Amino acid sequence: MDLKNKMAIVTGSSRGIGLATVEMLLDNGVKVAGWSRSKTEVNHPNFKYIKVDISDVKSVENGHKETVSHFGNDIHILINNAGLGYSALFEDIKIEEWQQMFDTNVNGIFYTTRLVLPQMKKIQEGHIINISSIAGNTGVETLSGYCATKFAVRGISQALYKEVRNDGVKVTCIYPGSVQTNFFDDMNNVTVNENMMKPEDIASTILHCLTSSQNYHHVDIEVRPLHVKK
């Protein structure tokens, strides 16, 4: 895809992978709507911050309306990045935490993607990138709830790409290993360290996927740090 003057939505845009992706897209001539609950501190003529809680269908619908009103109806790129996780033994997971993970990590992708797909199919061009996790490929102890949501993201992605590939729309799922983000702030057993990947690394992978030729489709991409903390 030629990115110049294309339009993108990035969820979870205020920090981490989302913020790095916003900045990367803007550097490549893309008009970007950043969706997140907290303000995205980006000052650029092609950027608009829109307060959206992707776990709330009405908030997503209002965010989509505001995006279309500002940038127009042709949304070419959707980066489903927003997500969260809680660490606990299976029997200790709080009901509200379980529900929040599914509302954000799974339902949020459904609420957002269903709004942009019809126009992507109409113009026969679009790319949806879902950020899953290594935990979407393999079970991780004390992360069963998070794993369940990220396995769901994998299933959604693999089914959806087969539905829309003949409409000129790509669906890519990326499975990062540990990244230096705020994800680990509330996890006592994991500390962010220099051996983790950087958000900019994941953004570079997203850019590579977006700029590939139209008949070249990345379906699943797993990325990990080369060295692990000892």
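Provided above is the structure to which this section pertains.
Read on for an overview of the structure. Residue positions are counted from 1 within each chain, in the order its sequence is given. Owing to the predicted nature of the model, reporting of local features is limited to residues with pLDDT of at least 70; listing and counting of side-chain atom pairs is limited to 80 or more, with chain, interface and lining totals taken over all residues. The side-chain values count all of the structure's non-hydrogen atoms but skip hydrogen atoms and water molecules.

1. Things to note about the nonpolar core
As used in this record, nonpolar core signifies buried Ala, Val, Leu, Ile, Met, Phe, Trp, Tyr and Cys residues forming a set joined through side-chain atoms within 4.5 Å. Think of it in three bands: with a 1.4 Å probe and only protein chains considered, a residue is buried below 20% of the maximum accessible area for its type, exposed above 50%, and partly exposed in between. Formed by 29 residues in total, the largest nonpolar core has its most connected members in L25, V32, I129 and I206. Helix and strand definitions here come from DSSP, where helices need a minimum of 4 consecutive H or I residues and strands a minimum of 2 consecutive E residues; each element is numbered from the N-terminal end. Elements with a minimum of two residues in this core: β1 (7-11), α1 (16-27), β3 (47-51), β4 (77-80), β5 (126-131), α5 (199-210) and β7 (220-223). Ranked by residue count, the leading element in this core is α1, at 6 residues. Whether two residues are in contact is decided by their heavy atoms: any pair within 4.5 Å suffices. When residues no more than four places from it in sequence are discounted, the contact partners of I206 are T21, M24, I79, I129, I131 and I174.

2. Remarks on a negative patch on the surface
For patch building, the residue pool is restricted to those with more than 30% relative accessible area and no salt bridge; the joining distance is 9 Å between like charges and 5 Å between nonpolar side chains (Val, Leu, Ile, Met, Phe, Trp, Tyr). Values of accessible area rely on a 1.4 Å probe in the Shrake-Rupley scheme; residue burial ignores everything except the protein chains shown. Take a side-chain nitrogen of Lys or Arg and a carboxyl oxygen of Asp or Glu: if they are within 4 Å of each other, that pair is a salt bridge. Lys and Arg are tallied as positive, Asp and Glu as negative. Neither His nor the chain termini are counted. Where a charge lies is defined by one atom per residue type: Lys uses NZ, Arg uses CZ, Asp uses CG and Glu uses CD. Together, E23, D27, E200 and D201 make up a region of like negative charge exposed at the surface. Breaking the negative patch down by element, the ones donating at least two residues are α1 and α5.

3. Digging into the side chain of S133
Along the chain, the position of S133 falls in the loop between β5 and α4 (144-164). Residue classification places S133 among the buried residues on the basis of a relative accessible area of 9%. Pairs of N or O atoms are called polar contacts if they sit within 3.5 Å, as long as, within protein, a hydrogen donor faces a hydrogen acceptor (for residues adjacent in sequence, only side-chain-to-side-chain pairs). Among the polar contacts listed, one links the side chain of S133 to the backbone nitrogen of A135, at a separation of 2.9 Å. Look past the residues within four positions of S133 in its chain and what remains in contact with it is Y146, K150, I174, Y175 and P176.

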